Each structure stands twice: as C-alpha cells, then as structure tokens.
Amino acid sequence: MKRTALRNPLLLLLTAAIWGAAFVAQSVGMDYVGPFTFNFARCIIGGIVLLPCIALLDRQKKREGRQPSADLVRGGVCCGAALFVASTLQQIGIQYTTVGKAGFITAMYIILVPVFGIFLKKKVGARIWLCVLLAAAGLYLLCMTEGFTIGGGDFLVLLCAAAFAVHILVIDYFSPRADGVRMSCIQFFVCGLLSGVGMLLFETPSLGAIWQARLPIGYAGVLSCGVAYTLQIVAQKGMDPTVASLILSLESVFSVLFGWLLLGQSLAMRELSGCGLMFAAIILAQLPDRKRRKPSPDGR
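Note that the structure is predicted; figures quoted are calculated from it, not measured.

Caption draft 1: Broad picture of the packing of helix α5 (residues 109-119) against helix α11 (residues 241-248). Where α5 contacts α11, the two axes come as close as 9 Å, and the packing angle between them is 175°. The angle between α5 and α11 places the two elements in the roughly antiparallel class. For the pair α5 and α11, the contacting residues are Y109, I110, V113 and P114 in the first and P241, T242, S245, L246 and L248 in the second.

Caption draft 2: Representation of a nonpolar patch on the surface. Where nonpolar side chains cluster on the molecular surface, the patch consists of L6, L10 and L13 and spans about 270 Å² of accessible area. Relative to the assigned elements, L6 resides in helix α1 (residues 2-29).

Caption draft 3: Summary view of the nonpolar core. Among the nonpolar cores identified, the biggest contains 58 residues, and L12, Y109, I110, F164 and Y229 are the most heavily contacted of them. A total of eight residues in this core trace back to one element, the largest contributor, which is helix α7 (residues 152-174). Ignoring sequence-local partners within four residues, the contact set of F164 consists of L83, A86, S87, Q90, T106, Y109 and Y229. One finds C79, V170, F174 and I233 within the second-largest nonpolar core, a separate group that totals eight residues.

Caption draft 4: Representation of the packing of aromatic side chains within the structure. Tallying each qualifying case throughout the model produces five aromatic pairs. Both rings, one in Y173 and one in F174, keep their centres 4.8 Å apart while their planes meet at 85°; by these two values the pair is edge-to-face. A relative accessible area of 7% means that F174 is categorised as buried. Ring pairs connect the aromatic residues W19, F188 and Y229, which therefore count as one cluster. When the ring centre of Y173 is taken as origin, the NZ or CZ atom of R177, which lies over that ring, is 3.9 Å away.

Caption draft 5: Seen up close, the pattern of salt bridges. In the structure shown here, the tally under the stated rule is one salt bridge. In this structure, R74 engages D71 in a salt bridge whose closest nitrogen and oxygen atoms are separated by 2.2 Å.

Caption draft 6: Seen up close, the packing of helix α3 (residues 72-93) against helix α8 (residues 180-202). In contact at an axis separation of 7 Å, α3 and α8 are set at 45° when each is read in the N-to-C sense. In terms of their interaxial angle, α3 and α8 are classed as oblique. For the pair α3 and α8, the sense of crossing is right-handed. Here L72, V73, G75, G76, V77, C79, G80, A81, L83, F84 and S87 of α3 lie close against α8, whose contacting residues are R182, M183, I186, Q187, F188, V190, C191, L194 and S195. Taken together, the residues of the contact of α3 with α8 sort by class into 13 nonpolar, six polar and one charged.

Caption draft 7: Structural detail: the confidence of the model for the protein. In this model, the protein carries an average pLDDT of 80, and 82% of its residues clear a pLDDT of 70 or more. For the stretch residues 292-300, pLDDT sits under 50, and the model shows one contact to residues farther than four places along the chain or on other chains.

Caption draft 8: A look at the environment of G103. Positionally, G103 belongs in helix α4 (residues 99-106). Look at G103 and you get buried, because its relative accessible area is 8%. Measuring from C-alpha to C-alpha, the distance between G103 and G20 comes to 9.8 Å, with 83 residues separating the pair along the chain.

Caption draft 9: How the structure looks around the environment of L12. Residue placement: L12 occurs in helix α1. Since its relative accessible area comes to 0%, L12 is described here as buried. Expressed as a C-alpha distance, the spacing of L12 and A235, which sit 223 residues apart in the sequence, is 6.3 Å. The contacts of L12, once residues within four sequence positions are left out, are Q232, A235, Q236, M239, A244, I247 and L248.

Caption draft 10: Highlighting the side chain of N8. Inspection of the secondary structure puts N8 in helix α1. Taking relative accessible area as the criterion, N8 reaches 5% and is therefore assigned buried. If sequence neighbours within four positions are ignored, N8 has contacts with A235, K237 and M239.

Caption draft 11: Focus on the state of the cysteines. Taken as a whole and assessed by the stated rule, the structure comprises zero disulfides. C43 supplies the cysteine sulfur nearest to C191, a cysteine that is in no disulfide, at a spacing of 3.4 Å.

So, how was this worked out
- Residues numbered from 1 in each chain as written.
- Predicted model: local features only at pLDDT ≥ 70, side-chain atom pairs only at ≥ 80, totals over all residues.
- Heavy atoms only, no water.
- Axes fitted to C-alpha atoms, helices over the stretch in contact; angles between N-to-C directions.
- Helix = DSSP H or I, 4+ residues; strand = E, 2+ residues; numbered from the N terminus.
- Parallel < 35°, antiparallel > 145°, perpendicular 65-115°, else oblique.
- Contact = heavy atoms within 4.5 Å.
- Patch = residues over 30% accessible without salt bridge, like charges linked within 9 Å, V, L, I, M, F, W, Y side chains within 5 Å.
- Areas by Shrake-Rupley, 256 points an atom, 1.4 Å probe, with all protein chains shown as cover.
- Salt bridge = Lys/Arg side-chain N within 4 Å of Asp/Glu carboxyl O.
- Core = buried A, V, L, I, M, F, W, Y, C linked by side-chain atoms within 4.5 Å.
- Buried < 20%, exposed > 50% of the residue type's maximum accessible area, 1.4 Å probe, protein only.
- Phe/Tyr/Trp six-rings, centres within 6.5 Å; stacked < 30°, edge-to-face > 60°.
- Lys NZ or Arg CZ within 6 Å of the ring centre and 35° of its normal.
- Left-handed = near helix turned anticlockwise from the far one by under 90°.
- Nonpolar A, V, L, I, M, F, W, Y, C, P; charged D, E, K, R; others polar.
- pLDDT = per-residue confidence, 0-100.
- Disulfide = S-S within 2.5 Å.

Set out below in structure tokens:
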C-alpha cells in the first residue's frame, strides 16, 4: 500500500516534468501550424501510440478473463471533450498573452479544482487549502514578472484553466471505473476528431507545414499526450484530486528549469523563491494526516 501511495505522486511528478518541457514544443509548433491543426496532429499521434499498448494489455486481460468497464467509452468521451476545450483555449490564448501570464493563469486550476469540488460535495481540509494558497503564491513569483492585467488572451487562458480543472475532476470520477490506458486512448481520438473539425472550418492545413512542425508535434503527441496524459489517468486513481492538481501544477516550475538548463535562461531570486514555495506546498500536501489508528481485529 505504501509503495502504491508513493508511486502515484511520482508518476504525477513525471507527468508535470513532461508537460513542462512541452511548453517549448507548443510554442515552436505554433510557428508553423494553427492551434487546431497542432492539437489534431498531436492527439491523433497520442492515440495511435497507445494502440500497441492496448493490444498487449488485452492479451493479458483475456487470460485473466477481465471485461472492459461499462463506463469506459463514456469516460473517454467526457475526458476527450474536456481536453479539447482546455487545449484549444490554451493554444489560442497563448498567442495573445505573455508566456509568464499564460503559465500562471493556466496553473490556476490548483485553486479551481477544490472550488469546483465543493459543488460535488468533496471535502477539502484546511491543510490542503493552505497548500493551494502557497502554490498559487509560488506560481505568481515564478511566472509573473510584469504588471498583472487581464486582456483577451488572458481571459481565454483563464477559461482554459477552468476546463483543465473540469478535466481533472472528470478523471477523478472515471479512473476508478475504467481502464486508464483505454480511456486515455479514447480521449485522444475524441479530442483529435473535434480539433480536426475546427482545423477544417477555421484553418488551411497543409502537409508541408505539419512536416515542418514534426519535431514539436512528435514530442507533444508521443510524450505529452501518449505518455503524460496516460500517466495522469493511471496515477490519479485513488488520489485526492486537489493534491493531484498541486503536483501537476509543477509543470510551471519544470518549464522554467528546462529553460535554464537547455536555453541558458537565468533564474532570478524571485523565481527561485516561487519554486521553493511550490515545492513546500507539494511536500506539505503529501504529509500524512494525524489520525488515531483504530485497533485491528487481531489487536495490532
């Protein structure tokens, strides 16, 4: 049990690291293709990458006589729709705002998740609320280097944060009821299909432009979608959605760290302080609650 409790946060931490590096891929990819085309290509790639994995897992399931969950398709469609809304708003909004503002506003899902959870009758303790406030303060120090104003792009990214909060809560509901890898695969094809409709309606895609963006699309499709979103679904099973959102919000920290390591961008004391606050929030959220243990039937 302890091994599982440690594994899930580590998987979410890996997810945040992959997403942090994906900010670079998304930014570069937008130099060649539009937001709908980028999301269409990466989601289709993400779904295709998972097909061999599902085939191997199905062999194992047939030997064990397991049957797919009845909520599998419904969960995949709901997750895919939420992911489509969130990723589309992010890709469009980031064109009209600064990267710092986009990173901060997107990660505001760490506050929106417990707020939305209240309406779903999910209890959030005082310690978790403290962690949320610490993480939000850390994100502000990390990402906000200019005066905070709300423009059109900022508002779109704020809506994106709300959609990502819904996505996390949808996963929280369906992940215990369905196979995570299959549900992830379905969500990518649903998101890709919806993005494809937007691509045909609002953009003029070309194979040449997609080929030019092959590296960022490949990273976003294979790692950010195929690996990271699947890890999110698998790791969120049995976890508090607010704690999960806190760990996932470290993608902003990793994006800064990757910029420092790979692009030579320096970290100011303000940004280092923001990283420290976020890590403190994550550690505090993972500390076990002090509860009196009930004696077991054998007296231990």
